[in-house]
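# Reading the structure
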Amino acid sequence: MERKGQVPPVEAPPLPGPAVLRQVWAGVVFLHWRVDPAAVTHLFPFGTRPDLFDGTTYAGLVAFRAPTTRVLGVRALGAFDEVNVRLYSVDGQGRRGVVFLSLDADSLPGVLVARTVPRMPYTWSDTSLRQSGVGPCAGAVRRRWPQGGAHGRWRLRVEARPTAPTPLEHFLTARWGLHTPRAGTTRWVRVRHERWVLPVR
């Protein structure tokens, strides 16, 4: 069982080569819920399992605006909004990552690029994020392609802010890879980003 203190390394390991995709995020919503690992194990790709913190795992909803996206060093896309739902994974080699249950974006070119280059299962959706203060406080998603019809919305109200970073925040943000199924196997894709600093006031 994973316990508090057994968290990913603070700094991202170097990439094995040049970054295929670079992206800037702004106005991030970062929401999480504790979930029973047994209830979500069947959602993980082959060879991975829920990553645990103090005996439990987490499901997250992350929403943001991407003002710039570069593919192989070339600015390929304009600004777009994205909403993803994720779980947190670890494989038999101890590599921690993210498993995306859904990825919705309101840019059709962006969705086509993401489904072609990193081959991520993005969905083209009408995505609306309303911003107030440090980040969006409400959002809505309605899917268009390739599987249309599904929709959802949320409203966020921050009642209290953390007074100091916690090990749980680091566990959720220091993710240096993602696990994704590919041709009957599971691929671990290396990710590198600056250390996340969640708002502290």
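Worth saying up front: this structure is predicted, and the values here are computed from it rather than measured.

### Overview of unusual backbone geometry
Across the junction of Trp 145 and Pro 146, the peptide omega takes the value 5 degrees, indicating a cis bond. Tracing the sequence through the fold places Pro 146 in the loop between strand E10 (135-145) and strand E11 (151-155). A positive phi angle, close to 55 degrees, is found at Asp 54, a residue other than glycine. One can find Asp 54 in the loop between strand E3 (48-50) and strand E4 (57-66). Residue classification places Asp 54 among the partly exposed positions, given a relative accessible area of 31%. Not every positive phi belongs to a glycine, and Ala 183 is a case in point at roughly 50 degrees. Along the chain, the position of Ala 183 falls in the loop between strand E12 (177-182) and strand E13 (185-190).

### Observations concerning the packing of aromatic side chains
Within this structure, the stated rule accounts for 4 aromatic pairs. Arranged with centres 5.7 Å apart and planes meeting at 75 degrees, the rings of Trp 25 and Trp 196 form a pair that is edge-to-face. Of the two residues, Trp 25 sits in the loop between strand E1 (21-23) and strand E2 (26-35) while Trp 196 sits in the segment after E13, which places them 171 residues apart along the sequence. With relative accessibility at 32%, the residue Trp 25 sits in the partly exposed group. A centroid spacing of 5.3 Å and a plane angle of 50 degrees characterise the contact between Phe 53 and Phe 171, whose relative ring orientation is tilted. Of this pair, Phe 53 sits in the loop between E3 and E4 while Phe 171 sits in helix H3 (residues 167-173), placing them 118 residues apart in sequence.

Criteria and thresholds
Residues numbered from 1 in each chain as written. Predicted model: local features only at pLDDT ≥ 70, side-chain atom pairs only at ≥ 80, totals over all residues. Heavy atoms only, no water. Helix = DSSP H or I, 4+ residues; strand = E, 2+ residues; numbered from the N terminus. Buried < 20%, exposed > 50% of the residue type's maximum accessible area, 1.4 Å probe, protein only. Phe/Tyr/Trp six-rings, centres within 6.5 Å; stacked < 30°, edge-to-face > 60°.

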